[in-house]
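Okay, here's what each chain looks like letter by letter:
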Amino acid sequence: MHGQQAPALDAPDPTERRPRPDTRSAGHSRGFRPDVEGLRAVAVGVVLLYHAGVPLISGGYVGVDVFFVISGFLITGLLVRELERSGRISLTGFYARRARRLLPSTAVVLAAVALLAWLLMSPVERKTVAKDLAAAALYVVNWQQASLAVDYSALGADASPVQHFWSLAVEEQFYLVWPLLIIAIGWWCTRRGGKAVRPRLALALGGIAVASFAYSVYLTREEAGAAYFSTFTRGWELAVGGLLALVPADAWRRLPGRLAGVLAAAGLAAIAAAALGFSDETPFPGSAAALPVLGAAAVIAAGAARQETLGGRLLGTAPMRYVGRISYSWYLWHWPAVAFATVKWPDITTAQLAVVVAASWVPAALTHKLVEDPVRVSRALAPVGRGLVLGLACTAAGALLGWLTWATVPTMKLADPDQAVGAAALKDSMKVQESAAVLSPLPEDADADEGEVYETGCHAGQRDTEARGCLYVNDADRTGDGSRALRHGHTVIEDTDGGARVMEGVEVDVVLFGDSHAAQYAPALLKVAERRAWNVAVITKSACTPARTTIYNRQYERAYTECDAWRASAVEHITASDPGLVLVGNRDDQAAMDGDDKLDGEENTAALRDGMAATLGELKDSGTRVMALADIPYPPEDIPSCVSANTDQLTDCAFPLREGLEYEQVTPQAAERAGVRTIDLAPELCPDGTCPAVIGNVIVYRAGEHITETYMETLTGWLDDQLPENVREEKDSR
């Protein structure tokens, strides 16, 4: 989940206030720290190499942790020195300085992103970018992405050009809270007779660090995707830097020179070990983040004691200091360059991507020279009020860009019901629809075109471990208790005393069981149920295979134990309800687990196939009829986005059936082994070996490789033909 992330580079520039360099006092928190400037170059360098796809730097995302430590060190030192010098902290002055340094360059980059999105992206992609622009401008994008648990290992349409602002958001939130904490402790010390601020602040920061680190370890283990973006899992890294800043300069100088040299070398080695040894498979941040964090802390501590160490001299060289100086601007520009390059050239190579990252130095250097530095040192903008106004203006401009990007996205007319014929169009022509003047659903609404089982909460979330689902009752006279049934409606399956009471009180004809690739059949199945007066139980769970095997959860970045518990509960409920037919569906390209390791290749296929055959066999042995739903062809690109950009040339969004079935088709193999019939939708989606994006004015796919509710409903007749005539009578006669 932490793949393709960018670090926070908005730490205050250690050159903002430069006393005359003095090797004796360079370790003092007041002095210019060339080694810190060089350390910023190390951090941004590993991130740039990582985003360029350099294979050796598989853990380059740890640059974010290095920058959090630097930021905590510099900001805490700045604020504490102001408090000790004047007895107070000017919040308005602090925020005005931050605004002058950070926000003008941000506004320039956001404007460029809005322009490039208009030039290069489809309307659907631009609507997504519009929301991201607003979240980035308001510095809440980390919480937006934590809620989505976005996997940015993917590029192209899945990668927002402003996703890297998540780390800036963490730091901005830090800037809001940190000064208030220091002010509060300073006030408390004054009330207590002028007690020293630094020891009390160290206790507070130490407590924050311990609590945040513990939470980071916990959340990374439970939900790594959300943990990566959370301010609460990153607070300890900033606190570590802050603790360094609280150590008096005299104490640092007592550190032996040889020990300082060892610290600097060990710190750089730790950062290198993380950058080279970690990968996208490393649970992060969690305990793994301690390696780059402590490495950065060691380098800063060594430089505070001695600048004459080998590590300090290397970091203080002119090239390193130059890269450190422009690191903020380079950070801002490099990721949009990567994101738009992959949109423009989806098949871009690693070498070409490296050229793109290197070329992003040009706008970065220009922004640093023409915007960042001039605004930062401008006398006209030096007054606090003007700095604050500038910051508000830049923030408002970014939010306005998001609104304008959204407002200028073109749309088209929604197809009337008689125009949205869907699968019926294939009866007249097998030719791929070439253009559309109307569509249903609209491309921007396609991903939300999910169906009733999602809208009513009947599809279980990833955290659920008890199988409940919903029971759709179409004949109230056949229920044991009419008050618990809704004619042509649904009721949530209750679980009391270990049994599914609602299911026990109703004669269940059909159960739809599986993950979201099973749930997508519900719109057609429920219409078939209305025709036949069937009672249908929908028991489905997000990303959870019915196969009896533990799988890897991409969002949590760990074994999907919730799926194991839910599956066992589901099978127990299904067999207890004694249905006439169970339809089992599944996404086939899951990753099975062997302990803590993901399987791949034939081992993975065998584990999934054996697990699915075991589940199908268990259900079949219970005396019910079982049918398997084969997985569908996977489109190679986001279909709603493609359609939105190609309504006059829809053939550009079609793809060959063989390309859509390149994954290992596990479910049909398992069904054959278990002696179960398979229902295959692929021929209906891809007539003559081509899979259209639009059929009969209806968009076929949503959310990657799922069928839209609208199109699935047009397949009701096809599904009706695949199912037994009377499942209950056939079961009773067996």
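How each quantity is defined
Residues numbered from 1 in each chain as written. Predicted model: local features only at pLDDT ≥ 70, side-chain atom pairs only at ≥ 80, totals over all residues. Heavy atoms only, no water. Patch = residues over 30% accessible without salt bridge, like charges linked within 9 Å, V, L, I, M, F, W, Y side chains within 5 Å. Areas by Shrake-Rupley, 256 points an atom, 1.4 Å probe, with all protein chains shown as cover. Salt bridge = Lys/Arg side-chain N within 4 Å of Asp/Glu carboxyl O. Helix = DSSP H or I, 4+ residues; strand = E, 2+ residues; numbered from the N terminus. Buried < 20%, exposed > 50% of the residue type's maximum accessible area, 1.4 Å probe, protein only. Lys, Arg positive; Asp, Glu negative; His and termini not counted. Charge placed at Lys NZ, Arg CZ, Asp CG, Glu CD. Expected span 1.5 Å × (residues − 1). Bend = angle between axes of the 7 residues up to and from the residue. Contact = heavy atoms within 4.5 Å. Disulfide = S-S within 2.5 Å. Pairing = 2+ DSSP bridges. Phe/Tyr/Trp six-rings, centres within 6.5 Å; stacked < 30°, edge-to-face > 60°. Lys NZ or Arg CZ within 6 Å of the ring centre and 35° of its normal.

Asker: Any details on a nonpolar patch on the surface? Residues and values, ideally.
Answerer: Together, Leu138, Val140, Trp143, Tyr215, Tyr218 and Phe232 give the surface a local cluster of nonpolar side chains, amounting to about 580 Å² of exposed area. Secondary-structure assignment places Trp143 in helix H5 (residues 141-148). Residue classification places Trp143 among the partly exposed residues on the basis of a relative accessible area of 33%.

Asker: Summarise a negative patch on the surface; cite the residues concerned and give the values.
Answerer: Taken together, Asp594, Asp596, Asp597, Asp600 and Glu603 make up a surface patch of like negative charges. With respect to the element layout, Asp600 can be found in the loop between strand E12 (597-598) and helix H23 (601-621). The exposure class assigned to Asp600 is exposed, which follows from its relative accessible area of 57%.

Asker: Please give an account of helix H16 (residues 361-377) that cites residues and values.
Answerer: The terminal C-alpha atoms of H16 lie 22 Å apart, and with 17 residues this matches the ideal 24 Å at 1.5 Å per residue to within 8%. The largest bend in H16 amounts to roughly 40 degrees and is located at His368. Within the span of H16, buried status applies to Ala364, Ala365, Thr367, His368, Val371, Glu372, Val375 and Arg376. Residues of H16 that are buried sit in contact with helix H3 (91-120), helix H13 (318-325), helix H14 (327-344) and helix H17 (384-407).

Asker: Report on the state of the cysteines, specifying residues and quantitative values.
Answerer: One pass over the structure, following the stated rule, counts four disulfides. Sulfur-sulfur distance for the disulfide between Cys458 and Cys470 comes to 1.9 Å. Given an S-S torsion of about -75 degrees, the disulfide between Cys458 and Cys470 has left-handed geometry. Here Cys458 is found in the loop between helix H18 (452-455) and strand E3 (459-460), whereas its partner Cys470 is found in strand E4 (residues 470-473), with twelve residues between them in sequence. Both residues of the pair, Cys458 and Cys470, count as buried. Disulfide pairing is shown between Cys686 and Cys691; the S-S distance is 2.0 Å. With the S-S bond torsion at 100 degrees, the cross-link from Cys686 to Cys691 turns out right-handed. The class for Cys691 is buried, based on a relative accessible area of 0%. If one numbers only the bonded cysteines of the chain, in the order they occur, the disulfide pattern is 1-2, 3-4, 5-6, 7-8.

Asker: With reference to specific residues and values, describe the pairing of E4.
Answerer: On a regular strand, one side chain projects to one face of the sheet and the next to the other, so that they alternate. Side chains of E4 alternate between two faces, with Cys470 and Tyr472 and Leu471 and Val473 buried alike. As paired elements, E4 and strand E7 (residues 536-541) share three bridges and run antiparallel to each other. Note on E7: the bridge partner recorded for Cys470 is Val538.

Asker: I'd like a description of the environment of Pro319, backed by residues and values.
Answerer: Among the secondary structure elements, Pro319 is positioned in helix H13. For Pro319, a relative accessible area of 58% corresponds to the exposed category. Once the C-alpha coordinates of Pro319 and Ala41 are considered, the two residues, 278 residues apart in sequence, prove to be 8.9 Å apart.

Asker: Summarise the packing of aromatic side chains; cite the residues concerned and give the values.
Answerer: Taken as a whole and assessed by the stated rule, the structure comprises 19 aromatic pairs. Both rings, one in Phe174 and one in Trp178, keep their centres 4.5 Å apart while their planes meet at 55 degrees; by these two values the pair is tilted. Of the two residues, Phe174 and Trp178 both sit in helix H6 (residues 165-191), four residues apart, roughly one turn of that helix. You can call Trp178 buried: its relative accessible area is 7%. Measuring from centroid to centroid gives 6.3 Å for Tyr228 and Phe284, while their planes differ by 45 degrees, and the two rings are tilted. Highlighted residues: Tyr228 in helix H7 (residues 197-229) and Phe284 in the loop between helix H10 (257-277) and helix H11 (290-305), separated in sequence by 56 residues. For the pair Tyr228 and Phe284, a shared accessibility class is recorded, and that class is buried. Of the aromatic side chains, those joined through ring pairs into one cluster are Tyr50, Tyr61, Phe68, Trp166, Tyr228, Phe229, Phe278 and Phe284. For the cation-ring pair, Arg234 lies above Tyr228, with the distance from its terminal atom to the ring centre recorded as 4.6 Å. Note that Lys598 overlies the ring of Tyr552, its terminal NZ or CZ placed 4.2 Å from the centroid.

Remember, this is a structural readout, not a statement about activity or role.
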